[in-house]
Amino acid sequence: MTTATATRPRRRLRLVRYVAPLIVVGWIAVALGGAAIAPYDPAAIQDADLFEGMSRAYWLGTDFFGRDMLSRIMAGARQTVGIALVATLLAVGTGLLLGLAASAIGGIVDAVLSRMLDALISIPSKLFGLVVVAAFGSSVPVLILTMAIIYVPGCYRMVRSVAVNVAALDFVIAARARGEGTFYIMIREILPNMVSPVLADFGLRFIYVVLLLSSLSFLGLGVQPPAADWGSLVRENIGGLPQGAPAVVMPAFAIASLTIAVNLTIDAFFSGRSRDGVH
Amino acid sequence: MTAAIGRLLLTRFLLSLATLIFVASAVFAITNLLPGDVAQELLGQAATPEAVAGLRTALGLDVPPLQRYIAWLGNLVTGNLGNSLVNGQPVTALIGSRIGNSLLLAAITALVAVPIAIGLGITAAVWRGSLYDRLVGAATVLVVSVPEFLVASTAVLIFAVHLQWVPALSQLGRITGLADVVRVFALPVMTLTFVVVAQMARMTRAALVDVLSSSYVEMARLKGAGPIRIVVWHALPNAIGPIANAVAFSLSFLLGGVIIVETIFSYPGIAKLMVDGVATRDLPLVQACAMLFCGAYLVLVTAADVAAILANPRLRKG
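Quick notes on the rules
- Residues numbered from 1 in each chain as written.
- Chains lettered and ligands numbered in written order.
- Predicted model: local features only at pLDDT ≥ 70, side-chain atom pairs only at ≥ 80, totals over all residues.
- Heavy atoms only, no water.
- Contact = heavy atoms within 4.5 Å.
- Buried area = accessible area lost by both parts, 1.4 Å probe.
- Salt bridge = Lys/Arg side-chain N within 4 Å of Asp/Glu carboxyl O.
- Polar contact = N/O pair within 3.5 Å; in protein donor to acceptor, adjacent residues only side chain to side chain.
- Helix = DSSP H or I, 4+ residues; strand = E, 2+ residues; numbered from the N terminus.
- Nonpolar A, V, L, I, M, F, W, Y, C, P; charged D, E, K, R; others polar.
- Axes fitted to C-alpha atoms, helices over the stretch in contact; angles between N-to-C directions.
- Left-handed = near helix turned anticlockwise from the far one by under 90°.
- pLDDT = per-residue confidence, 0-100.
- Core = buried A, V, L, I, M, F, W, Y, C linked by side-chain atoms within 4.5 Å.
- Buried < 20%, exposed > 50% of the residue type's maximum accessible area, 1.4 Å probe, protein only.

1. Overview of the interface of chain A and chain B
Then step 1. Listed by partner, the interface residues are 43 residues for chain A and 43 residues for chain B.
Then step 2. For the pairing of chain A and chain B, the buried interface totals around 3,700 Å² over both sides, and the portion due to carbon and sulfur atoms is 82%.
Then step 3. Counting across the interface, chain A meets chain B through 1 salt bridge.
Then step 4. A salt bridge links K126 of chain A to E148 of chain B; the shortest N-O distance between them is 3.0 Å.
Then step 5. Connecting chain A to chain B are 5 residue pairs in polar contact (both at pLDDT 80 or more).
Then step 6. Every element with two or more residues in the side of chain A that touches chain B is listed here: α4 (107-121), α5 (125-136), α9 (195-218), α10 (230-236) and α11 (246-270) of chain A.
Then step 7. Ranked by residue count, the leading element in the side of chain A that touches chain B is α5 of chain A, at 10 residues.
Then step 8. Across the side of chain A that touches chain B, the residue classes tally to 31 nonpolar, 11 polar and 1 charged.

Listed below in structure tokens is the structure:
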């Protein structure tokens, strides 16, 4: 990703190192706690106006039904973070296995895998999502699988490019000479030497998945009501935009805070070390 | 040299064509071979099995998939895209009535975004490491890692709600003068510009920084050439290829952005048409729009590669 943080003064860097991961961990905690730690029932209509502004009773205002926005965002965190995490795990897990296999086996396996996955990249992610939803309708399993498929090729490419270099190093050749199996070489010899680029890639894919999921939900084609992720929250409250209701921007800010925090976390922890590929 | 370029270009075009065929197959496979009975969906759960079977025949869904695939590919090439499942109108007519609007939006955005992005990228590269460079860098990272609808709704909040320069929702309607053009296009174009500029400025900066750190620029500096002369005379001519590559590649981000922007501002373009088609599961319409978008994307990505090939001095001089 970016190397912007590398040029920043040290103190700022240290601050970012703590604040950004804290935001990420905070959102994960909210996702786990879900509605249980929200101040109100996210589905309950409050004794308040529609699209109310921020107040002491309703910190982030109310939505188009007069429900508490903060509680709805906290409940939506479970959808956004949960779906995105599962999809990213699937995508990176598959990409990692395929990439390692391609680099360890090489030859025709490598060539065929690379060609096929490269072709998949040529379909823009949002379009792929739209076509799948048109064919299958939208449900959480469909969303997770679709996004996993969309982001496998990118991860595969990254893993393969790093792993091919590792696979050419002496200790891998030595392991081969010892007669170790391909799977052993993939997992025990190559993988431990590329942990930090893989983790950085995981963070990056997670950002892409969150953005794609939010976009689909915003278009009304992602998470379906009554469940609502952050993208759906923006969509259902879009009518409040001309009045400047916080119900529209706050869920969008939640998405931004998550993606930017993940981005900065990657920068703070991996940008320096990812290049040498040694953990 | 020219033969080498020709061969590379030819390979690139053939690759694009192969990709297009792959994309078409993928679109067909996703929308056809897998479940999700369109006939059932259209008629609803209460429909009799006879009615569903009748509609399946009418839509040609009872023909074997391979046969349907070949027929579909043929129709795609001849421009016969079928009829909408929802209102029965020809898909070509539906798209035809909207595509002009989308192209206009994209063209205006490109006209606004490209100069801004190149300007930002070049200045950031020249003053790299400065506060300005870091600000541009931080701003572009910010825009890239944020959903398009946040950019759009923030723009509405600032320019329509607080400053009240433009109305929040743009209806295309009647355009009778320059004021109307600004009224309709200001916010959509502004949003798309943000999205595209962020990517383009980053890539432009990277391309120019690359050239500026080369040894012939170092040589020019040692000979005492001024900073403007170095950038305009020595660096830019060699960075034009990478910059053209960046421009074409970043413009492909328009396709994703336009889907969100047309929806949020209810702009009557083909992206809105496609999103509505997805919601009603109007498969012929979705297939056609998807092919159109993928085609446009491929054209831009191919253009980016062609720019890179043409600008490679090793190929040019042999």
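Here the narrative resumes.
2. Notes on the packing of helix α7 (residues 170-178) of chain A against helix α8 (residues 182-190) of chain A
Residue and element names in this part refer to chain A.
Then step 1. It is at 11 Å that the axes of α7 and α8 come closest, and there the two elements cross at 145°. Crossing angle aside, the handedness with which α7 passes α8 is right-handed. Contact residues: α7 offers F171, V172, A175, R176 and R178, while α8 offers Y184, I185, E189 and I190.
Then step 2. Across the contact of α7 with α8, the residue classes break down as 6 nonpolar, no polar and 3 charged.

3. Let's talk about the confidence of the model for chain B
All names here are of chain B.
Then step 1. When pLDDT is averaged along chain B, the result is 82; 89% of the residues meet or exceed 70.
Then step 2. At the level of individual helices and strands, chain B shows its lowest average pLDDT in helix α14 (residues 313-317), which scores 61, and its highest in helix α5 (residues 91-126), which scores 90.
Then step 3. Scoring the predicted complex yields pTM 0.85 and, for the interface, ipTM 0.82.

4. Observations regarding the nonpolar core
Then step 1. Counting 150 residues, the largest nonpolar core has I73, L130 and W230 of chain A together with M274 of chain B as its most contacted members.
Then step 2. Among the elements that make up this core, the one with the highest residue count is helix α8 (residues 178-212) of chain B (14 residues).
Then step 3. The residues touching M274 of chain B, leaving out its near neighbours within four places in the chain, are L127, L130 and V131 of chain A together with V286, C289, A290 and F293 of chain B.

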